[in-house]
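# Examination of the molecular architecture
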Amino acid sequence: MSNIAVMGLQWGDEGKGKIVDLLATDADVIVRFQGGANAGHTIIVGDKKFILHLIPSGILHADKICLIGNGVVLDPFSFVEELRLLQATGIHTDGRLFVSAHCNLALPYHKLVDEVEERERGDGSIGTTLRGIGPAYRDKVARVGVRLVDIFNDRLIREKFDQQKTLKERYLALAPDDNRADMRANLELLLSLRNVFAPMMCDTSAKLAELNARGKSILFEGAQGAMLDVDLGTYPFTTSSNTTVGGALTGLGIGPRMITEVVGVVKAYSTRVGGGPFPTELKDDLGDSLRNIGGEFGSTTGRPRRTGWLDLVGLRHACRINGVDKIAVTKLDVLDSFQRLSICVAYELDGHRLTELPLDVTHLERVKPIYEIFEGWRAETTGFTEFSRLPSAAQRYVRFIADSLGVGVKLVSTGAERTETILV
Ligand code: IMP
C-alpha cells in the first residue's frame, strides 16, 4: 500500500491538479491539508473542465473518499458553491466528503482585510489572491479564529463574531457599504450552512488513522508550491501556510511515517504570480511565448503569470525540504517549439557562485542566474506516452533535471488530458 504526497516544487501552478487526478486512480482517499480557496486545480476530463479551489480534485472519481484537514482555512461559501457545481454536474459527494471540525474559517471580512492591506502595501504588495488567506491564518495563530465546529455552538459563535467586529473595526469602517462588512448578515448566512456541514464534519486525524489501518491508500494533495511556503519560501512573498510536506503532518494530524512516498511536481519551466523575487524571469518575447503557449494565466484570479527558465537552485531546496523521492515533470510539450532552452544551475552574487538560496531574500533580487544551455527538440511531443519515443533532446532535458536533483522520475506530462502522460 502506498500513501503518496504530491507537492509543488516551484511557486504553485506546476500542474498538480492533473498529477493528483492521475494518481487518484490508484488511491482510495484524497486529502487536502493547507491553503484555502487561493488554490485552483484545473482538471480536464473529456470535454469537461473543472476548476476546484477547495474540494480535493479526487472528488471527480466517483468511488473515492475526500477529506479536508484542519490545516486548511476553509471559505465555507466557496466550498458550498463548489459543492453545488459538482452536484449540478452529476457528481455526488454524500458520505465521501469530510471536513475537519477544526478548520479555521476564511470569512468575508478576511477578504476585506486582504484587499485593504494589499492596497496599503502599494508597490510592495504581495499580489495575493485576495481570498483572505493571510488574514485568516493570522487570526488562527492569534487564537481568535472561528473554527468550523464553532458554528454549532450558539453562544461561542456570537461571542467570536462580536470579538471580530471589534478586532476588525478599522477595516469594516473603511467599507461600510460592502456586504463583507455586514457582520450580522455574515453570521446568519454562516449559521444557515449548518445542515450542509453537519454530516461531513469530523476529526480528520482519527478518520485518517482508521482508513490507514484498514489498508486504504491515501493521496496527499498539496496546494501552492515550496517557494511559497511561509517558513521556507521567498518570505514575505509567500502564502501564509506550510506548503511543504510538514504541512501535511500538522494540517491533518498524522505522523511522518504515514506518508510512504513524496512526489514533487516540477513544471518544465518556471512561473510565478504576484510579487517577489524570480531570478530566472524572462521579461522578453521568450517569456511571452512561454505564457501564451503554456496558457499561463491564473485559474483563481485570471492574472497573467510571470514566466522564466527552470531554476535548479530553487528546486534543490524544494526537494530537500520536502524529502522528494521522485519528480513528475509537467508541460514538457510547451517547450516543443523553442530553439534553445536554458536551465539555471547556480547563481552569481557579487562575484561568488551560489548553489543554495541566499539567506537574505532581498539578495535573490540581485542574483544573476548561471545557465546551462540545451538544444531544443523542435518537434511535437504533445500526447506522447513513452519516454523512449521522446526526441533525444527532450529525454536529455528531463534526465538532466532529475540527475541534478538526485531524484527519480515518476512521470512526464505531455498534455492536459489524463492520457497524455508518460509513466516512467
Ligand atoms: P495568498 O495565498 O492569496 O495570500 O497569496 C500570496 C502569494 O501566493 C501571492 O503571490 C499569490 O499569487 C501566491 N499564490 C497563492 N495561491 C497560489 C496558487 O495556487 N498558485 C500560485 N500562486 C499562488
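Scroll up a little and you will see the structure.
Okay, so let's go over this structure.

Conventions we followed
Residues numbered from 1 in each chain as written. Predicted model: local features only at pLDDT ≥ 70, side-chain atom pairs only at ≥ 80, totals over all residues. Heavy atoms only, no water. Salt bridge = Lys/Arg side-chain N within 4 Å of Asp/Glu carboxyl O. Helix = DSSP H or I, 4+ residues; strand = E, 2+ residues; numbered from the N terminus. Buried < 20%, exposed > 50% of the residue type's maximum accessible area, 1.4 Å probe, protein only. Near = heavy atom within 4 Å. Polar contact = N/O pair within 3.5 Å; in protein donor to acceptor, adjacent residues only side chain to side chain. Areas by Shrake-Rupley, 256 points an atom, 1.4 Å probe, with all protein chains shown as cover. Contact = heavy atoms within 4.5 Å. Axes fitted to C-alpha atoms, helices over the stretch in contact; angles between N-to-C directions. Left-handed = near helix turned anticlockwise from the far one by under 90°. Parallel < 35°, antiparallel > 145°, perpendicular 65-115°, else oblique. Nonpolar A, V, L, I, M, F, W, Y, C, P; charged D, E, K, R; others polar. Phe/Tyr/Trp six-rings, centres within 6.5 Å; stacked < 30°, edge-to-face > 60°. Lys NZ or Arg CZ within 6 Å of the ring centre and 35° of its normal. Arc of directions from axis to C-beta.

### A few points about the pattern of salt bridges
Pairs can form between side chains of opposite charge once their charged atoms are near each other. Applying the stated criterion across every chain yields a total of 26 salt bridges. D154 is the salt-bridge partner of R194, the closest N and O atoms lying 3.0 Å from each other. Of this pair, R194 sits in helix 8 (residues 194-197) while D154 sits in helix 5 (residues 154-167); the two residues are 40 residues apart in sequence, bridging distant segments of the chain. On the basis of relative accessible area, R194 is assigned to the partly exposed category, the value being 23%. Two residues, E296 and K267, come together in a salt bridge whose shortest N-O distance is 3.1 Å. Taken as a pair, E296 in the loop between helix 11 (285-294) and strand 13 (306-308) and K267 in strand 11 (residues 261-267) lie far apart in primary sequence, 29 residues in all.

### A look at the site of the ligand
Around the ligand there are 16 residues in total, and D13, N38, T129, T239 and V273 lie nearest to it. For the ligand, an oxygen atom lies 2.6 Å from a polar atom in the side chain of T129. In this structure, Q224 approaches the ligand through a side-chain N or O atom, which is 3.2 Å from a nitrogen atom. Expressed as a share of its isolated accessible area of 460 Å², the protein-covered part of the ligand is 95%.

### Details of the environment of L22
Mapped onto the fold, L22 is located in helix 1 (residues 16-23). Given the relative accessible area of 18%, L22 is considered buried. Placed 21 residues apart in sequence, L22 and I43 show a C-alpha to C-alpha distance of 10.0 Å. Among all residues touching L22, those that are not within four sequence positions of it are L411, R418 and T421.

### Structural notes on the packing of helix 3 (residues 108-121) against helix 4 (residues 133-141)
Following both chains from N to C, one finds helix 3 and helix 4 inclined at 115°, their axes separated by 7 Å at the closest point. Both helix 3 and helix 4 take part in a crossing whose hand is right-handed. Counted together, Y109, H110, V113, D114 and E117 of helix 3 and I133, P135, A136, R138 and D139 of helix 4 form the full contact between these two elements.

### A few points about the packing of helix 5 against helix 7 (residues 183-191)
In the contact formed by helix 5 and helix 7, the axes pass within 11 Å of each other and the chain directions differ by 150°. Taken together, the axes of helix 5 and helix 7 are roughly antiparallel relative to one another. The element helix 5 and its partner helix 7 pack so that their crossing is right-handed. Residues I157, R158, F161, Q164 and K165 of helix 5 form the contact with helix 7, whose participating residues are M183, N186, L187, E188, L190 and L191. Partitioned by chemical class, the residues of the contact of helix 5 with helix 7 number six nonpolar, two polar and three charged.

### Digging into the packing of aromatic side chains
For the structure on display, the rule yields seven aromatic pairs. Here a set of aromatic residues connected by ring pairs shows up, and it is made of F374, W377, Y397 and F400. Over the face of the ring belonging to Y171 we find R170, whose NZ or CZ atom lies 4.6 Å from the ring centre. Above the ring of F98, the side-chain terminus of K207 is found at 4.1 Å from the ring centroid.

### Thoughts on helix 9 (residues 204-213)
Turning to helix 9, its buried residues number three or more, namely T204, L208 and L211. Seen along its axis, helix 9 keeps its buried residues to an arc of 65°; they face one direction. Summarising the contacts, the buried residues of helix 9 are in contact with strand 2 (29-32), strand 5 (65-68), strand 7 (97-100), strand 9 (201-202) and strand 10 (218-225).

Fair warning: the whole summary comes from geometry, so function is off the table for now.
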